[in-house]
Amino acid sequence: MAQPRVVTIHYTLTNDQGEELDSSRVEGREPLTYLEGAQNIIGGLESALNEKNSGDQVKVSVEPAEGYGEKNEELIQPVPRSAFEGVDTIEPGMQFQAQTPGGPQIVRVVEVSDETVTIDANHPLAGETLHFDVEVVETREATDEEQEHGHVH
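Note that the coordinates shown come from a computational prediction; the quantities given were computed from them, not determined experimentally.

Asker: Explanation requested: the UniProt feature "domain: PPIase FKBP-type" (unreviewed entry) in the protein in the structure shown.
Answerer: Mapped onto this numbering, the UniProt entry gives "domain: PPIase FKBP-type" (unreviewed entry) at residues 4–83. Along residues 4–83, the helical share is 9% and the strand share 36%, with 45 Å between the first and last C-alpha atoms.

Here's what the structure looks like:
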């Protein structure tokens, strides 16, 4: 098996409508560096970048199953407004950290009424096909320490 690599990329992420969702090419941003095989980036993008080398340019479309998953309607739920005790203003789009049996979970507010707040615990990009325009900036072999820790140093 080949030695895992550390890969550095510049990327621009757009949705199906062509709207830019994220980019490392914005002034002041650094390229993204990840450790292959350590699940540091979504699987569909990592698979497309395997065996790519410095200077390679790749356009990749990642379906939801290989990205952030399909939207799970069970993760969209109304909760009593009283669950937001101490929060004066609650508006759609706000994010909160909720304590769940599985640990902390980020939830987004999608609707607010007098009695309830509807929250969505799906990843914001769940259900979306993601379009990446990628330039591989650099690749190198991962150090033993990086492999052991599962991330780039």
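Next comes the rest of the write-up.
Asker: Please explain the pattern of salt bridges as it appears in this structure.
Answerer: Two side chains carrying opposite charge are able to pair once their charged atoms lie near each other. Counted by the stated rule, this structure contains 6 salt bridges. For the salt bridge of Glu36 with Arg5, the shortest nitrogen-to-oxygen distance reads 2.8 Å. Of this pair, Glu36 sits in the loop between β3 (32–35) and α1 (43–49) while Arg5 sits in strand β1 (residues 5–14); the two residues are 31 residues apart in sequence, bridging distant segments of the chain. Among the residues examined, Glu36 registers a relative accessible area of 14% and is labelled buried. Its salt-bridge partner being Lys59, residue Asp133 comes within 3.7 Å of it at the nearest N-O pair.

Asker: Mind showing me how you'd approach the pairing of β1 here?
Answerer: Side chains on a regular strand alternate between the two faces of the sheet. With respect to burial, β1 is a largely interior element, 10 of its 10 residues being buried. In β1, alternate side chains face the same way, and those of Arg5, Val7, Ile9, Tyr11 and Leu13 on one face and Val6, Thr8, His10, Thr12 and Thr14 on the other are all buried. Here β1 pairs with strand β9 (residues 130–141) via 10 bridges, running antiparallel. Opposite Thr8, over in β9, you have Glu138 as the bridge partner. Sheet topology note: the β1/β3 ladder contains 4 bridges and is antiparallel. In the strand pairing of β3, Val6 is matched with Leu35. Sheet analysis places β1 next to strand β2 (residues 20–23), joined by 3 bridges and oriented antiparallel. Paired with Thr12 across the strands is Ser23, a residue of β2. Where β1 folds back onto β2 in an antiparallel hairpin, the turn is made up of 5 residues, including Gly18, whose phi is positive at roughly 85°.

Asker: How do you make sense of the environment of Val62 when you look at a structure like this?
Answerer: Inspection of the secondary structure assignment puts Val62 in strand β4 (residues 57–62). Judged by relative accessible area, which is 2%, Val62 ranks as buried. Excluding residues within four positions of it along the chain, Val62 makes contact with Ile42, Gly44, Leu45, Gly67, Glu128, Thr129, Leu130 and Phe132.

Asker: Teacher, can you tell me more about the nonpolar core here?
Answerer: Within soluble globular proteins, side chains that are nonpolar tend to cluster in buried spots. Ranked by size, the top nonpolar core spans 17 residues in total, and within it Ile9, Leu45, Leu49, Leu130, Phe132 and Val134 carry the most contacts. The set of elements that each furnish at least two residues to this core consists of β1, α1, β4 and β9. By size, the runner-up hydrophobic cluster in this structure holds 9 residues, among which are Phe96, Val109, Val117 and Ile119.

Cut-offs used in this document
Residues numbered from 1 in each chain as written. Predicted model: local features only at pLDDT ≥ 70, side-chain atom pairs only at ≥ 80, totals over all residues. Heavy atoms only, no water. UniProt positions renumbered as here; feature names shortened; annotations may be inferred. Helix = DSSP H or I, 4+ residues; strand = E, 2+ residues; numbered from the N terminus. Salt bridge = Lys/Arg side-chain N within 4 Å of Asp/Glu carboxyl O. Buried < 20%, exposed > 50% of the residue type's maximum accessible area, 1.4 Å probe, protein only. Pairing = 2+ DSSP bridges. Contact = heavy atoms within 4.5 Å. Core = buried A, V, L, I, M, F, W, Y, C linked by side-chain atoms within 4.5 Å.

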